[in-house]
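# Overview (structure and organization)
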Amino acid sequence: MAIHKVCGIETEYGIVVTGAPDANPIQSSSQLVNAYVSTLGRTLNNKVSWDFEDEMPGNDARGFTLGGALPPEVETHLVNAVLTNGARFYVDHAHPEYSSPECIDARQATLYDVAGEEVLRRAMAASRSALPPGQQIVVYKNNSDGKGNSYGTHENYLMDRQVPFSRVIVNVMPFFVSRQVFTGAGKVGCELPGQGAVDYQITQRADFFEEEVGLETTLKRPLINTRDEPHADSGRYRRLHVIIGDANMSEVATFLKLGTTSIVLSMVEDNMFDAKNFSISNPVETLRVVSQDLSLSTPMAMADGSSMTALELQWEYLKLAQEWSERFGFESVGESVGPQILATWEEVLTGLEKDPESVAAMVDWVAKRRIIEGFRDRHGLAWSSAKLRAIDLQYHDIRPEKSLAQRAGLDRLFQSAEVLHASENPPRETRAYFRGRCLQKFPTEVAAANWDSIVFDLGTDPLRRVPMLDPLKGSADMVDSLLDRCSSASELLRLLGA
């Protein structure tokens, strides 16, 4: 049986400083994170740092690393904060990044992704007092600066270590290439060198992938990332680090992206693909073809010599997922959300097949295209107009009064109260709960934290590390009564030791 698909999202936000076009993005990102942390006061120790003890970006899931590979650098000198909702808010290269806590299912992970937008909004507001008059830090939830640079929205899924990674690659690659028909955020133009004129395409990320499989994330980006850093018991678990998704403004699109991928990975673990082979003959090139096929009708060349469209391939995955659910149930993806994932998947594919405009409330690239084409028609603009690129960017502005996504009529999954609560409090069903509660209750006694441990400083040497190697242990059901009994971290550690 497939193991439970604990999941989460890391989002790098685009950043600009209005009134200061030459502002240093690293410095501005640092200001943003520090400004947010300063608003939390006693609820979070400003000295809590990220613990880099278990960071191993050079580990490759294939068991080897090709010569010349450049794994991501671990930038220990940049600003990092661990939040009371279990998330990480930090500077990654030249971007502010919000990494959601570990979530029990796709719906919860979507909620905590949306909560990340609330964190960034508060950070922008808090940063204003430290800036000169006329300047403001603004962030965008998108994936391209329009100048040939891309930044990621990475998904993470808990998998069984016993499943051969080669099997994951074969069965997930076609899914990633074709799922962009509903996960794409839409994009005006193309940033791929040597490419002909492209007015509009489905995804922001397709221009930037060059390899099928690999360790890199910023250069020679692969469709399947092989970074083997489980942040858990490495003998039992694998963390699939997915770097091919767009940053979605649509909550439904984020839910569908996380939910369908969780199901497909569960099907891999449950051997549902033994009699199926959906391999594509040239995945990297096909990714770009699909992104530029707004009609959703261009056939992809399959490895067996046949052909099908990306939409037809998604129907095949859905059909197999329905068979899987009848045979295995939804335990691995959540009994309460599994049926919703399948129903939404079918609804969106049906709408895309019939008329993409019918799913504009759920699919970003359709919603954005409607706004851009309306503006273009009203003003008689060519697709090359800089104004259309500005409209593209404004869709991803997370400020409610500025965001075009807010005016696109996108369906919402969560009430504002849910989002506010999630921005401050951790999920109750995973180890993120223990991390977040410790930061809430013992803010001055937590020295550092990471995904699989917390380090306490009791005022005496040595520092004390509490490991958390199972993402499903440390939930509210497991630790609430223990934490309620403790008035100090030293008492907590004594009871844990006992």
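Please read these numbers as outputs of a predicted model, since none were measured by experiment.

A few words on the overall build of the protein chain. Scanning the protein chain from N- to C-terminus turns up 13 helices and 18 strands. The C-alpha atoms of the protein chain give a radius of gyration of 22 Å, which matches the 23 Å a tight globule of 498 residues would have. Dimensions of the protein chain along its principal axes, counting C-alpha atoms only, are 65 × 60 × 45 Å. Per-residue burial over the protein chain gives 61% buried out of 498 residues. Taking all contacts inside the protein chain whose residues are at least 6 apart in sequence as the whole, residues at least 24 apart take part in 72%. For the protein chain, the accessible surface area stands at approximately 19500 Å², while carbon and sulfur atoms represent 49% of it. When the 49 positive and 68 negative side-chain charges of the protein chain are each reduced to one mean point, those points stand 4 Å apart.

Pairing in this open sheet of four strands is mixed, and the strands run S3-S16-S17-S18 from one edge to the other. With partners counted over all chains shown, the strands left at the sheet margins are strand S3 (49-50) and strand S18 (464-467), one partner each. Pairing of strand S16 (residues 446-450) with strand S17 (residues 453-456), which is carried by four bridges, proceeds in the antiparallel orientation. The residue bridging Ala449 from the neighbouring strand is Ile454, located in S17. Strand contacts of helix H11 (residues 432-441): S16, S17 and S18, with the helix running at about 20° to S17, the strand carrying the most contacts.

Strand order in this open sheet of six strands is S4-S5-S6-S1-S8-S13, and the pairing throughout is antiparallel. In the strand order of this sheet, the two ends are held by strand S4 (80-82) and strand S13 (237-245), each with one partner. Adjacent strand axes in the sheet meet at a mean angle of 20°, parallel and antiparallel pairs treated alike. Relative to strand S8 (residues 153-160), strand S1 (residues 7-12) runs antiparallel, the two being bridged by five bridges. Residue pairing across strands places Gly8 opposite Asn156, the latter belonging to S8. Its contacts with the sheet place helix H3 (residues 165-183) against S8 and S13, and it is angled at close to 25° to S13.

Looking now at helix H7 (residues 338-354). Its 17 residues place the ends of H7 25 Å apart at the C-alpha level, agreeing with the 24 Å of an ideal helix rising 1.5 Å per residue. Restricting attention to buried positions, one finds in H7 the residues Gly338, Ile341, Leu342, Thr344, Trp345, Val348, Leu349, Gly351 and Leu352. Here the buried face of H7 lies against helix H2 (106-127), H3, helix H4 (251-269), helix H6 (310-328) and helix H8 (364-379).

All right, on to unusual backbone geometry then. Cis geometry is found at the peptide bond from Asp461 to Pro462, where omega equals -5°. Examined against the element boundaries, Pro462 turns out to sit in the loop between S17 and S18. Although it is not a glycine, Asn271 adopts a positive phi angle of roughly 60°. Within the secondary structure, Asn271 is located in the loop between H4 and helix H5 (283-291). Here Leu296, not a glycine, exhibits a phi torsion of approximately 60°, which is positive. In this fold, Leu296 is placed in the loop between H5 and strand S14 (300-301). Using a relative accessible area of 9% as the deciding quantity, one classes Leu296 as buried.

Reading guide: rules and limits
Residues numbered from 1 in each chain as written. Predicted model: local features only at pLDDT ≥ 70, side-chain atom pairs only at ≥ 80, totals over all residues. Heavy atoms only, no water. Helix = DSSP H or I, 4+ residues; strand = E, 2+ residues; numbered from the N terminus. Rg over C-alpha atoms; globule rule 2.2 N^0.38 Å. Buried < 20%, exposed > 50% of the residue type's maximum accessible area, 1.4 Å probe, protein only. Contact = heavy atoms within 4.5 Å. Areas by Shrake-Rupley, 256 points an atom, 1.4 Å probe, with all protein chains shown as cover. Lys, Arg positive; Asp, Glu negative; His and termini not counted. Charge placed at Lys NZ, Arg CZ, Asp CG, Glu CD. Pairing = 2+ DSSP bridges. Axes fitted to C-alpha atoms, helices over the stretch in contact; angles between N-to-C directions. Expected span 1.5 Å × (residues − 1).

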